[in-house]
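Coordinate inspection notes
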Amino acid sequence: MKNKLPALTPLTASWVDHLVQKKEVLTGLIEKYGSPINIHHLKMFDENIDLFKKVGKKNGINSKIFYARKANKSKFLVERTKDKNIGVDTASYNELKQCIELGIDANDLVLTAAIKNEKLITYAIENRVLIILDNDDECMITQTIAKKLGKKAIVGFRISGFNVEDKKLYSRFGFDIEKVSKSILLTRPGRTLENLDYTGLHFHLDGYSIKERAAAIFKALEIAKELFYHYLKTRFIDIGGGILINYLASKEEWETFQDQLKKAVLTNTDPITFKNNGLGFSKVDDKIVGRLKTYPFYNEINKGKFLDQLLNSTNAASDSVADLLQIQNIQLRLEPGRSLLDQVGITVARVAFRKKDSNDNTLVGLEMNMSQMSSSSEDFLLDPKVIFLNYDENESPSEVYFVGAYCLERDVLLQRRISVKRIPEIGDLVVFINTAGYMMHFFETEAHLFDLSCNLAFTSDPDALKLSDFRSDE
Ligand SMILES: *Cc1c(COP(=O)(O)O)cnc(C)c1O
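One structure accompanies this document, and this report is about it. These numbers were taken from a predicted model, which means no experiment stands behind them.

1. Focus on the site of the ligand
The immediate surroundings of the ligand are formed by 13 residues, with Lys-70, Glu-335, Gly-337, Arg-338 and Tyr-438 found nearest. At 2.9 Å, a backbone N or O of Arg-338 approaches an oxygen atom of the ligand. In the model, an oxygen atom of the ligand is placed 2.5 Å from a nitrogen or oxygen of the Tyr-438 side chain. Coverage of the ligand by the protein chains reaches 88% of its 390 Å² of free accessible surface. Of the residues belonging to the shell around the ligand, the class tally is three nonpolar, five polar and five charged.

This is the structure:
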């Protein structure tokens, strides 16, 4: 007998529950703006900001949030940061320029772009925006430009190579912790980088470990102390992003899904993913090897709790992160992207066709493409919601794959086979939950000259939404 497909029920915000009941509003939006659309509820963004502020306050530290805007392209979120008194982390010339044009104060901006050319550095210096330097070449170029302009460049130094449990964490970014002081000391008067005004340290770690982040802060605090002996004051330590969020309602579902995935890969029967894709698991010598290469979608320690645990982590001398930041009078800066966007957005697409593929799978074609819901992770492991426009009391459960508009065999929107109570009809809508962080924008492309998806936002009461409550980001 065939196993039932494992469900992965998403956590949904109540605004989403309200909106999916409003079929005429959703179909109206799709008619007006095309498919797919991305809908954002800005009040959820506010709530996430307030949560992090509260945790900072509770722990008695001076903290400041910079929203990592690379996680979502919409301007209305950037505008919202002004009302909420937080900053913005920018990662390119266009991101920075747009923020300045939207009236964000220079003190509320940080430039962390991985590649910075002369045009970008000049623009940042002229606008007095903090530049996070990554390497000696960047220091030299920034010094040259600042000197030519007769100005000081406000800078921080990105650091990496932290030691955690006797292992050095690899990163291609930043100065090695053993060498960074030497470069920072050159910013003192009369030295070769004297047009750089050193203000703080920055890191952004790969992965989501609290322990690694705590170790990195302790090391940054040590470096700050050492620099202080040379009259260089570290005003902030910026810990980047990577605060975990939780996407899923049930731990049991999350575990069952992984067990069934491994079983399907091992036995090569009852696939639960497209072409039995192991999403990181594979079979070698009749054993499962590898690990799930997706975002860790289920997390009990997330958002506020994650930050709280980090601030309460202690070093060998039993001093906590929060205590040491206070003692050394250093501001903690955060650059959350995904976690500020938790429950902020959904993506809605229209069903274009149903068919059988050459393996007799049922495919449901949606008016969208793989780049409009994709991240660096192997798959988005959340069940979508199907909105059936016509009432039909007959339910005939089925299992389908959702496929997109790119001319690639691999444009399968979700790798998982999805249970539906019946096969959707043309014109029905499929809603992907919690997509505002990275999923909807990060890899979006215009191949085939498809229009980019339209971004919409509302702030009004979710239980009385009308078509006119939504505004487009254009
Ligand atoms: C991507 C990035 C962030 C945001 O990370 P999240 O995991 O989305 O919170 C913050 N800072 C830097 C430097 C980044 O590259």
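After that view, the rundown keeps rolling.
2. Remarks on the pattern of salt bridges
Under the criterion given, the structure shown has 19 salt bridges. Of the charged contacts in the structure, one is a salt bridge between Glu-444 and Lys-73, with a shortest N-O distance of 3.7 Å. Of this pair, Glu-444 sits in the loop between strand 20 (429-432) and strand 21 (454-458) while Lys-73 is found in the loop between strand 2 (63-68) and helix 4 (75-83), placing the two residues 371 residues apart along the sequence. For Lys-97, the salt bridge is made with Glu-101, and the minimal N-O distance between the two is 3.1 Å. Residue Lys-97 and its partner Glu-101 are both found in helix 5 (residues 93-101); the two are separated by four residues, about one turn of the helix.

3. Side note on the nonpolar core
With 140 residues, the main nonpolar core has Ile-39, Phe-157, Leu-366 and Phe-402 as its most contacted residues. Ranked by residue count, the leading element in this core is helix 9 (residues 210-228), at 10 residues. Not counting residues within four places of it along the chain, the set of residues in contact with Leu-366 comprises Ala-349, Arg-350, Val-351, Ala-352, Phe-402, Val-403, Gly-404, Ala-405, Leu-413, Val-430 and Phe-432.

4. Thoughts on helix 7 (residues 136-149)
With 14 residues, helix 7 extends 20 Å between its outermost C-alpha atoms, agreeing within 8% with the 20 Å of an ideal straight helix rising 1.5 Å per residue. Of all the residues in helix 7, the buried ones are Glu-138, Cys-139, Thr-142, Gln-143, Ile-145 and Ala-146. Measuring from the side-chain oxygen of the N-cap residue of helix 7 to the backbone nitrogen of Asp-137 gives 3.1 Å; that N-cap residue is Asn-135. Immediately downstream of helix 7, the backbone of Gly-150 shows phi near 65°, a positive value.

5. Some thoughts on the packing of helix 5 against helix 6 (residues 118-126)
Taken N-terminus to C-terminus, the directions of helix 5 and helix 6 make an angle of 25°; their axes are 10 Å apart at the nearest point. The angle between helix 5 and helix 6 falls in the class roughly parallel. You can see that helix 5 and helix 6 cross each other, and the crossing is left-handed. Note on element contacts: helix 6 touches helix 5 through Lys-119, Leu-120, Tyr-123 and Ala-124, opposite Tyr-93, Leu-96, Lys-97 and Ile-100. For the contact of helix 5 with helix 6, the class distribution of residues is six nonpolar, no polar and two charged.

Definitions and limits used
- Residues numbered from 1 in each chain as written.
- Predicted model: local features only at pLDDT ≥ 70, side-chain atom pairs only at ≥ 80, totals over all residues.
- Heavy atoms only, no water.
- Near = heavy atom within 4 Å.
- Polar contact = N/O pair within 3.5 Å; in protein donor to acceptor, adjacent residues only side chain to side chain.
- Areas by Shrake-Rupley, 256 points an atom, 1.4 Å probe, with all protein chains shown as cover.
- Nonpolar A, V, L, I, M, F, W, Y, C, P; charged D, E, K, R; others polar.
- Salt bridge = Lys/Arg side-chain N within 4 Å of Asp/Glu carboxyl O.
- Helix = DSSP H or I, 4+ residues; strand = E, 2+ residues; numbered from the N terminus.
- Core = buried A, V, L, I, M, F, W, Y, C linked by side-chain atoms within 4.5 Å.
- Buried < 20%, exposed > 50% of the residue type's maximum accessible area, 1.4 Å probe, protein only.
- Contact = heavy atoms within 4.5 Å.
- Expected span 1.5 Å × (residues − 1).
- Axes fitted to C-alpha atoms, helices over the stretch in contact; angles between N-to-C directions.
- Parallel < 35°, antiparallel > 145°, perpendicular 65-115°, else oblique.
- Left-handed = near helix turned anticlockwise from the far one by under 90°.

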